[in-house]
Amino acid sequence: MDHLDRLENISVHILREAYANFKNLCMLWSIGKDSTVLLWLTRKAFFGHVPFPLVHIDTNYKIPEMIEYRDRLTQEWKLMMIVGKNEEALVDKLTFPDGAVDRIACCRNLKTKALINTLNGTWKRMRFNHHSNSYEVDRSTEPYTGVIVGARADEEGSRSKERYFSPRDTYSEWDVGDQPPEFWNQFKTDFAPGTHLRIHPLLDWTELNIWEYIERENIPTVSLYYNKGDGKRYRSLGCWPCTNPINSESRTINEIIDELKSGNLKNIAERSGRAQDKDDGGGLETLRREGYM
Amino acid sequence: MNTKTPIEHREKMNIVIVGHVDHGKSTVIGRLLVDTGSLPDGKLDQVRENCERNSKPFEYAFLIDALKDEQAQGITIDSARVFFKTEKRDYIIIDAPGHIEFLKNMITGASHAEAALLVIDANEGVRENSRRHGYMLSMLGIHQIAVLVNKMDLVDYSETVYHSIVQEYTAFLHQINVKPACFIPVSGVLGVNITRHNQTIPWYRGKTVLDALEEFHNADDIEVRPFRMPVQDIYKFTRFGDNRRIVAGTILTGSISIGDQILFFPSGKKGVVQSIEAFNTVTSSTVSAPYAVGLTLAEQIYITRGEMAVKATEAKPCVTSRVKTSLFWLGKNPMTMKKEYHIKTGCAKVPVMIEEISRVLNADTLQWTDSKSVIDRHDVAECILRTSGPIAFDISEDNPLTSRFVIIDDYEISGGGIIQRDLDDSQTRLRDNVYVRNVKWETSGIPSEKRADRYNQKSALILITGKKDTGKKTIARALEKRLFDDGKIAYFLGIGNVLYGVDADIKGRSVLELANENSEHIRRLAEIAHIMMEAGIILIVTAIELQQDNIEIIKTIVNPDRIETIWIGEESDSELRCDLYIESIDSIDEVVGVIKENLQEKNIIFRP
Ligand SMILES: Nc1nc2c(ncn2[C@@H]2O[C@H](COP(=O)(O)OP(=O)(O)O)[C@@H](O)[C@H]2O)c(=O)[nH]1
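Keep in mind that what you see is a predicted model, and the values were worked out from it rather than measured.

About the thresholds
- Residues numbered from 1 in each chain as written.
- Chains lettered and ligands numbered in written order.
- Predicted model: local features only at pLDDT ≥ 70, side-chain atom pairs only at ≥ 80, totals over all residues.
- Heavy atoms only, no water.
- Helix = DSSP H or I, 4+ residues; strand = E, 2+ residues; numbered from the N terminus.
- Contact = heavy atoms within 4.5 Å.
- Areas by Shrake-Rupley, 256 points an atom, 1.4 Å probe, with all protein chains shown as cover.
- Pairing = 2+ DSSP bridges.
- Axes fitted to C-alpha atoms, helices over the stretch in contact; angles between N-to-C directions.
- Parallel < 35°, antiparallel > 145°, perpendicular 65-115°, else oblique.
- Nonpolar A, V, L, I, M, F, W, Y, C, P; charged D, E, K, R; others polar.
- Polar contact = N/O pair within 3.5 Å; in protein donor to acceptor, adjacent residues only side chain to side chain.
- Buried < 20%, exposed > 50% of the residue type's maximum accessible area, 1.4 Å probe, protein only.
- Expected span 1.5 Å × (residues − 1).
- Buried area = accessible area lost by both parts, 1.4 Å probe.
- Salt bridge = Lys/Arg side-chain N within 4 Å of Asp/Glu carboxyl O.
- Core = buried A, V, L, I, M, F, W, Y, C linked by side-chain atoms within 4.5 Å.
- Left-handed = near helix turned anticlockwise from the far one by under 90°.
- Phe/Tyr/Trp six-rings, centres within 6.5 Å; stacked < 30°, edge-to-face > 60°.
- Lys NZ or Arg CZ within 6 Å of the ring centre and 35° of its normal.
- Disulfide = S-S within 2.5 Å.

Caption draft 1: Quick look at the overall build of chain A. Tallying secondary structure elements over chain A gives 9 helices and 10 strands in all. Long-range pairs, those at least 24 residues apart, make up 71% of the contacts in chain A between residues at least 6 apart in sequence. When the accessible area of chain A is evaluated, it comes to approximately 10900 Å², of which 48% is carbon and sulfur surface.

Set out below in structure tokens:
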């Protein structure tokens, strides 16, 4: 068994535990490489099927290719696709690109708030209708009690403290100091009413593992990850006003793998293209505690 | 995108480092990183400069903290990971917090390790957490342990000091059945015996820490042990146009091939592996631990999450509801005798209570006492647990992986442990009998699901009980009629019909009145019910004041999920737990309506 098999099997086991224990389960799909690998692992776990809805938080500022790709795979793979938005903030122009708030506050509005209220069902959810090929208001407003997320421990400091099954209180807050123990493949799958769990099947994966797996499995990814001739590519995807490509010649998956192995990116944090991470010192950890992904 | 770079497959090993706080864990790790050249360029200098600027002495702990991005905390509250590699393999060092407050984090970190380094300060000697951590390692099943006697420079590299610590700690480990791989005298700060021998300790010629690490080996015997797979789920994605019925699970030990006969416990059902399913890969005809797999069976048998699949030709697991265990408690509230908890082992989760606390290792004094009646936070205890239904497992001596369990208190994992021994419960003999029956049973060519489809019902046993003269029989007959009129296949079995026929040889007492002495009557009744349920029928039986013991017998013999017990009339003080209580009867029709609704809710009969 090689290291990718090992990672794959642990993730599959966790996904199946989640599915067996949560009636209202969903998976966040940011369209990025990690959550797309997670989606693929779901199809592995359930023999080609994706038996729970995928939730995408649309900020209206996602790079257009991302949305195209989302809707294409939704149709091809017959996904139960749910989209949530902070419509109020968008209408009131309470965003960074509108110049109204700083980057962190913008993330809080368009992502964290949208996410929390989509998950708990207070705000409108749009569901893809595979007959009409369009999004319609979802009839279900039940809160999701299990939320599968593609976080990896190696991404940055605060994530290295995560558990596979991580409890969040009613306000989606995360108590980093007092987390449940997790050992012997037994996870926290019981939860008090009003609380929910975040489930992290990719916790042990590294950025390199993700690309190696994409290569091995031939998983379709957004073209933004590859240099198309201008010496630039995205390493991490987000909203266009706050996400910049990095300088890189990698045109293919294999070139990305080589680039990661060569150590050219060793001293550059993966999310360095994400401006909001730098805005203030502990900003990301604060956002994270509030429920940001 | 079609040129393939071969991915190197390097061996990986998780090592946990434990020990009393300040005994030098961070220093040892730091030194390992420095001496193996595993630090990012300039990192060491950067941290040294930082210390100088703030005029504090350099500590390797700062380096580790810098690596872990944890300076703010000052103290390792969680198990964090650092990486280094040698020619032989990649190491992940899990730095487990030494503080007792964070024992649950230490356990979380350590449970992923294949081997451990345990650090003891030569100057301070064996302390409370040196022992506690040693104990936890043994409970967690980590048996490869190197003990580092650190800060040898502070005791002038004294052989006497070293040997007295070795002696004291060996004696302790011996008590808990742990044999360390080695003891090594080291100085973390000065780099003595970490990766290099130097002449500093002339009397020591053994391994360095790095040698010890390289000699540990990855668990590789899981494939050759008997096949064990907790059933995680049964999938049937018919909604997506997929008719496969897949038994999914992660193989803990052993391997399984297409055509193998497997048994499921505790039900004792049997099946033959028809295919091994997988997505986007070529499937093979054999799979082994630790793969997460999916199997289809040649015949459609009814099993559920929580059963353990084993190979029919290999050692059977233990099945019982009473077990002798060693457990550690992490809960904020102590574990007490009267309270009901849940035990999770494999994928099974059942209610559990303490039957007896044999002895407790006190968290503060680390002394055994046999007079404690509760298990406090951080205590380790030996106790007998009683589960509400049978569980399937192995004892730790036979298979550590299938002997493990955790205890849930309310919503939290609050303890964990290993099963040392299986103890008989009241059903042991009967259960063995049922297993033989199941193995010999000729499975019908018509799957029970097809039968359920045709009959528009699942088979069930409806037990109507209550005090004498409460109209049970009238209700039973009315229910039979109502179900029949609805087109269901239902049958009311009068006890007398059994008594004078099947029970003719043991007749002599009225069957259910003196139930305790009449377990053979109950057994026969249950076997008849089992046959009729196999035929797809809803069977209705009445009995006067059924006891919990009777129900246990019936549950061992027929599928416990398909038994509906209904109590009619005023409540009694017996221990019996029923599914439905009907206190007063105004009209028979109404009562029958309530029962019918209950059956619909339980999905035994389907709404038309
Ligand atoms: N003299 C001496 N001091 C040491 C040695 N190893 C660690 N220390 C000191 O002991 C203290 C605690 O060490 P640290 O590695 O932080 O302990 P931890 O809490 O187990 O991680 C620090 O001040 C270290 O400098 C050693 O081998 N010799």
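Following the structure, the description resumes.
Caption draft 2: Spotlight on the sheet that holds strand β11 (residues 261–265) of chain B. Residue and element names in this part refer to chain B. Strands sit in the order β7-β15-β11-β12-β14-β9-β8 across an open sheet of 7 strands; the sheet is antiparallel. At either margin of the open sheet sits one strand with a lone partner, and together these are β7 (228–230) and β8 (233–235). Neighbouring strand axes in the sheet, compared pairwise and without regard to direction, differ in orientation by 40 degrees on average. In this sheet, strand β15 (residues 308–311) lies alongside β11 in antiparallel orientation, the contact comprising 4 bridges. When the sheet's bridge partners are listed, leucine 263 is paired in β15 with valine 310. Helix α8 (residues 428–440) rests against β11 and β12 (269–277) of the sheet, and its axis sits at about 55 degrees to β12.

Caption draft 3: Representation of the pairing of strand β5 (residues 134–137) of chain A within the structure. Residue and element names in this part refer to chain A. As judged from the 4 bridges shared by strand β4 (residues 126–129) and β5, these two strands associate in the antiparallel manner. Looking at the pairing, asparagine 129 lines up with serine 134 of β5. Count of turn residues in the β4/β5 antiparallel hairpin: 4 residues, of which asparagine 133 carries a positive phi of about 55 degrees.

Caption draft 4: Broad picture of the packing of helix α1 (residues 3–21) of chain A against helix α2 (residues 33–45) of chain A. All names here are of chain A. Two elements in contact, α1 and α2, have axes whose closest approach is 9 Å; the angle formed by their N-to-C orientations is 75 degrees. Judged by the angle between their axes, α1 and α2 are roughly perpendicular. Contacts from Glu8, Ser11, Val12, Leu15 and Arg16 in α1 reach Leu38, Leu41, Thr42, Lys44 and Ala45 in α2. Per-class residue counts for the contact of α1 with α2 are 5 nonpolar, 2 polar and 3 charged.

Caption draft 5: Region of the structure containing the environment of glutamine 457 of chain B. Residues and elements named next belong to chain B. By secondary structure assignment, the location of glutamine 457 is in the loop between α9 (448–455) and β25 (460–466). Those residues within four positions of glutamine 457 in sequence are excluded, and the remaining contacts are Ala452, Lys488, Ile489, Gly536, Ile537, Ile538, Ile604, Ile605 and Phe606. From its side chain, glutamine 457 meets the backbone nitrogen of isoleucine 489 in a polar contact 2.9 Å long.

Caption draft 6: Structural context of the side chain of aspartate 394 of chain B. Residues and elements named next belong to chain B. Here aspartate 394 is to be found in the loop between β22 (380–393) and β23 (404–409). By relative accessible area, aspartate 394 is classed as buried at 4%. Among the polar contacts made by the side chain of aspartate 394, one reaches the side chain of arginine 228 at a distance of 2.7 Å. Within the local environment of aspartate 394, its side chain forms a polar contact with the side chain of threonine 402, the two groups lying 2.6 Å apart. With residues near it in sequence (within four places) discarded, aspartate 394 still touches Arg228, Met308, Lys316, Pro317, Asn399, Thr402, Ser403 and Ile419.

Caption draft 7: Focus on α2 of chain A. End to end, α2 of chain A covers 18 Å across 13 residues, agreeing with the expected 18 Å (1.5 Å per residue, within 8%). Among the residues trailing α2 of chain A, phenylalanine 47 of chain A stands out with phi positive, at a value near 55 degrees.

Caption draft 8: Spatial organisation of the interface of chain A and chain B. Taken together, the 57 residues of chain A in the interface contact 65 residues of chain B. Of the roughly 5300 Å² buried where chain A meets chain B, counting both sides, 54% is carbon and sulfur surface. In this assembly, chain A and chain B are joined by 3 salt bridges. For the pair chain A and chain B, the interface holds 19 residue pairs in polar contact (both at pLDDT 80 or more). Elements supplying a minimum of two residues to the side of chain A that touches chain B: α1, α2, α6 (207–217) and α7 (253–262) of chain A. No other element matches α1 of chain A, which puts 11 residues into the side of chain A that touches chain B.

Caption draft 9: View of the nonpolar core. Ranked by size, the top nonpolar core spans 83 residues in total, and within it Val16 and Phe328 of chain B carry the most contacts. Beyond its immediate stretch of four places on either side in the chain, valine 16 of chain B contacts Ile94, Ala96, Ala110, Ala113, Ala115, Ala116, Leu117, Leu137 and Ile142 of chain B.

Caption draft 10: View of the environment of leucine 137 of chain B. All names here are of chain B. Along the polypeptide, leucine 137 turns up in helix α5 (residues 128–140). Residue classification places leucine 137 among the buried positions, given a relative accessible area of 0%. In the structure, leucine 137 is positioned 50 residues away from glutamate 87 in sequence and 27 Å away in space, judged by C-alpha atoms. With residues near it in sequence (within four places) discarded, leucine 137 still touches Val16, Val18, Met106, Ala116, Leu118, Ile142 and Ile145.

Caption draft 11: Focus on the packing of α2 of chain A against α6 of chain A. Residue and element names in this part refer to chain A. Running from amino to carboxyl end, α2 crosses α6 at an angle of 50 degrees, the nearest separation of the two axes being 10 Å. One way to sum up the angle between α2 and α6 is to call them oblique. Both α2 and α6 take part in a crossing whose hand is left-handed. Every residue of α6 that contacts α2 at Lys33, Asp34, Val37, Trp40, Leu41 and Lys44 is listed here: Glu207, Ile210, Trp211, Tyr213, Ile214 and Glu217. A per-class count over the contact of α2 with α6 returns 7 nonpolar, no polar and 5 charged.

Caption draft 12: Looking closely at helix α3 (residues 64–76) of chain A. All names here are of chain A. Compared with the 18 Å implied by 1.5 Å per residue over 13 residues, the 19 Å span of α3 between its first and last C-alpha is a close match. Packing partners of the buried residues in α3 comprise α2, β2 (54–57), β3 (81–84), β4 and β5. A positive backbone phi angle near 55 degrees is found at lysine 78, which sits one or two residues after α3.

Caption draft 13: Layout of the packing of aromatic side chains. Taken as a whole, this structure holds 30 aromatic pairs over all chains when the rule is applied. Taken together, a centroid distance of 5.2 Å and an interplanar angle of 75 degrees make the contact between phenylalanine 183 of chain A and tryptophan 184 of chain A edge-to-face. On the accessibility criterion, tryptophan 184 of chain A (11% relative accessible area) is buried. Judged by centre distance (6.0 Å) and plane angle (75 degrees), the ring pair of tryptophan 211 of chain A and tyrosine 226 of chain A falls under edge-to-face. Taken together, the residues tryptophan 211 of chain A in helix α6 and tyrosine 226 of chain A in the loop between α6 and β9 (232–233) connect sequence positions 15 residues apart. On the basis of relative accessibility, which here comes to 8%, the residue tyrosine 226 of chain A falls in the buried class. Directly above the aromatic system of tryptophan 368 of chain B lies the positively charged group of arginine 359 of chain B, at a separation of 3.8 Å from the ring centroid. Positioned above the aromatic ring of tyrosine 302 of chain B is the side chain of arginine 562 of chain B, whose terminal nitrogen or guanidinium carbon lies 4.8 Å from the ring centre.

Caption draft 14: Molecular detail of the state of the cysteines. Residue and element names in this part refer to chain A. This model, assessed by the stated rule, comprises 0 disulfides over all chains. As a non-bridged cysteine, cysteine 26 has cysteine 239 as the owner of its nearest cysteine sulfur, 19 Å distant. For cysteine 26, a relative accessible area of 0% puts it in the buried group. Unpaired in this structure, cysteine 106 has its nearest cysteine sulfur neighbour in cysteine 242, at a distance of 6.2 Å.

By themselves, these figures tell us nothing about what the structure is for.
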